[in-house]
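What follows is each chain in one-letter form.
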Amino acid sequence: MSHALAPLPRRAAPLPRRVAASAPVLPLVAVVALAALPSAGDGAGPADAVSALVVGYCVIRLLRERRRPLSPVAAVVLGLPVVGLALAAMGASSTAAGFSGLGRYLQVFVLVPAAVLVLLRHRSDLRVLAWSFVGLALWQGAVGVHQYVTATGASYQGETIRAVGTFGAGDVMGMAAAVSLGLVCAAGIALGRAPVRQRAVAAGCALVLLLPLALSFSRGAWIATALTCAVQLALAGLRRALWTAAAAAAAGVVLVGGFGVGTAQLQERLDSITQVTDAPDQSVVDRYTLWASATGMWREHPLTGVGLKNFPAYRDEHAGLALSSGSDVEGAGEEFHKQALLSPHSMYLLVLSEQGLIGLLALAGSWLALLVCGLRRLLRARRHGRGSDCGLVACGLLVWTLTDFVYGDIGGPSTVLTAMGLGLTAWWALADGGRAEAAHRGGVSGRAGEAVAR
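Residues numbered from 1 in each chain as written. Predicted model: local features only at pLDDT ≥ 70, side-chain atom pairs only at ≥ 80, totals over all residues. Heavy atoms only, no water.

## Notes on the packing of helix H2 (residues 26-34) against helix H3 (residues 46-65)
- As a packed pair, H2 and H3 sit with axes 8 Å apart at the nearest point and diverge in direction by 170°. Taken together, the axes of H2 and H3 are roughly antiparallel relative to one another. Note on element contacts: H3 touches H2 through Pro46, Ala47, Val50, Ser51, Val54 and Tyr57, opposite Pro27, Leu28, Val31 and Leu34.
- Tallied by class, residues from the contact of H2 with H3 come to 9 nonpolar, 1 polar and no charged. (Axes fitted to C-alpha atoms, helices over the stretch in contact; angles between N-to-C directions. Helix = DSSP H or I, 4+ residues; strand = E, 2+ residues; numbered from the N terminus. Parallel < 35°, antiparallel > 145°, perpendicular 65-115°, else oblique. Contact = heavy atoms within 4.5 Å. Nonpolar A, V, L, I, M, F, W, Y, C, P; charged D, E, K, R; others polar.)

## A look at the environment of Ala431
- On the secondary structure map, Ala431 appears in the loop between helix H17 (415-430) and helix H18 (433-441).
- Assessed through its relative accessible area of 17%, Ala431 is described here as buried.
- Put simply, Ala431 and Val73 are 358 residues apart on the chain and 9.6 Å apart in space, counted from C-alpha to C-alpha.
- Excluding residues that lie within four positions of it along the chain, Ala431 makes contacts with Leu117, Arg377 and Ala426. (Buried < 20%, exposed > 50% of the residue type's maximum accessible area, 1.4 Å probe, protein only.)

## Remarks on the confidence of the model for the chain
- Confidence in the prediction for the chain averages 83 pLDDT; 80% of positions are at 70 or higher.
- Below pLDDT 50 for its whole length, residues 433-454 participates in 37 contacts with residues either more than four positions away or in separate chains. (pLDDT = per-residue confidence, 0-100.)

## Quick word on the pattern of salt bridges
- What the rule picks out here adds up to 5 salt bridges.
- Residues Arg104 and Asp48 are paired through a salt bridge, measuring 2.9 Å at the closest nitrogen-oxygen approach. Placement of the pair is Arg104 in helix H6 (residues 95-119) and Asp48 in helix H3, with a sequence separation of 56 residues.
- Residue Asp389 is joined to Arg127 by a salt bridge in which the shortest nitrogen-to-oxygen separation is 2.8 Å. Remark: Arg127 occurs in helix H7 (residues 123-150) and Asp389 occurs in helix H16 (residues 388-404); sequence separation between them is 262 residues. Like Arg127, Asp389 is buried.
- Via salt bridges that share partners, Arg61, Glu65 and Arg121 belong to a single interconnected network. (Salt bridge = Lys/Arg side-chain N within 4 Å of Asp/Glu carboxyl O.)

## Focus on helix H4 (residues 72-79)
- Taken residue by residue, H4 has Ala74, Val77 and Leu78 as its buried positions. Taken down its axis, H4 places every buried residue within 90° of arc, on the same side. In H4, the exposed residues that point more than 90 degrees away from the buried face are Pro72 and Val76.
- Of the surrounding elements, those touching the buried residues of H4 are helix H5 (81-90), H6, helix H15 (347-384) and H17. (Arc of directions from axis to C-beta.)

## Examining unusual backbone geometry
- The phi torsion at Lys309 lies on the positive side, around 65°, for a residue other than glycine.
- Relative to the elements of secondary structure, Lys309 occurs in the loop between helix H13 (282-300) and helix H14 (311-318).
- With a phi angle near 55°, His345 is a residue other than glycine that sits in the positive phi range.
- You can see His345 is positioned in the loop between strand S4 (334-339) and H15.

## A word on the packing of aromatic side chains
- Within this structure, the stated rule accounts for 8 aromatic pairs.
- With a centroid separation of 6.3 Å and 75° between ring planes, the pair formed by Phe109 and Phe405 is classed as edge-to-face. Highlighted residues: Phe109 in helix H6 and Phe405 in the loop between H16 and H17, separated in sequence by 296 residues.
- In this structure Phe109 comes out as buried when scored by relative accessible area, which is 4%.
- These aromatic residues form a ring-pair network of at least three members: Tyr105, Phe109, Tyr348, Trp367 and Phe405.
- One residue, Arg377, lies across the ring of Trp427, its end atom 5.0 Å from the ring centre.
- The ring of Trp428 carries the charged tip of Arg377 above its face, separated from the ring centre by 4.3 Å. (Phe/Tyr/Trp six-rings, centres within 6.5 Å; stacked < 30°, edge-to-face > 60°. Lys NZ or Arg CZ within 6 Å of the ring centre and 35° of its normal.)

## Some thoughts on the pairing of strand S2 (residues 159-162)
- Strand direction decides the pairing type here: strand S1 (residues 154-156) and S2, joined by 3 bridges, are antiparallel. Within S2, the residue paired with Ser155 across the bridge is Thr160.
- Hairpin connection, S1 to S2: the antiparallel pair is bridged by 2 residues, and Gln157 has positive phi, about 55°. (Pairing = 2+ DSSP bridges.)

## Re the nonpolar core
- Residues Leu28, Tyr105, Phe109, Met347, Leu417, Met420 and Trp428 are the most contacted members of the largest nonpolar core, which totals 118 residues.
- Sort the elements by how many residues they give to this core and helix H8 (residues 172-191) lands first, with 14 residues.
- If we skip the residues at most four places from it in the chain, Met420 touches Leu28, Val31, Val32, Val112, Val116, Leu129 and Phe133. (Core = buried A, V, L, I, M, F, W, Y, C linked by side-chain atoms within 4.5 Å.)

Put into structure tokens, the structure is as follows:
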């Protein structure tokens, strides 16, 4: 008499194998985690130093495994900005300035994104990295809310209430960027097809992060986050869009209407967004003046720009009398001082003025290719019902960055988060999904491998 064998229960992979399978993503998580450390200035921080080590680790790993680092398409897309950078570096005022500017641009737009693309193996790795962004945002947001409540933040309208997290008053956009990127990651996970419990936790994190984002008083971060979440909602489908919009509106009513969190300051800051032409404040006047200065440089040097890190040298020649001597910096542990305005506060205009039309087309072409490839893969993922949360996170990070670049640029310790976000997007847009999964499962076979790769 024969009996049918009952199927064996699926077992999870042993812990050592899980750790080994997740090892490549751990250095990337460390880079994001180190952005939580207090900033010592507006230059490179510990996260930047570790990102350089990650690039070196990636090179060593590739040499040991003897595999091709990037596909031809990925190499072209990520390598495209090098063309404009090389030409602009030759036009720098000094060799040191040229190498310094070239190194920073390569770190943010080429090397770190390429390292992320190589080290990520599977969607589970991408989710781990996305959750690290959420964790960093929660930490920075908690510090920022404490600064607002205890009046120990950066100065805002004569009060030290502006939430800046551990980035300090010298980088008031740092906490806003970290919180925004974490919120975008949480929204993408919540709107995707992840497990119900994971989606619920992500939705809760996104709602919690609305408070520190509001207390950052950063109009640019508000606009970029609102636009990005709207795009994510549209890509996720109408039904989820309506539910999420209702939840976000309810959270806003509770935070601002119910508890009165920063009501007067927030209302004034919101009103200022619509008054940039009628009654602009000095920060808006400075920004418009710097934008005019950048376009003036471009008109004189249309193809290759004035050279890397040369914007400050040419600024006054093209700026009007309305430009102030600098922005006021005070609070969050810093004494009052003036911070020089050394960039146009627009990434597109910074590239246009220093690298010319060639540099802007190269960088923008790389970003556009990432966006198109990422959206195509997201649409395929929605049809197949797998990985849509990863696609929403990746495309959301890129949309936020491209929107923020309209009125912000790279600089300060938070810049490494931009590089990590671009790398995460690059993996989603350019990685060969089947080959990546095979590489991820290499060395882990059978049901254990299936459990790890899920």
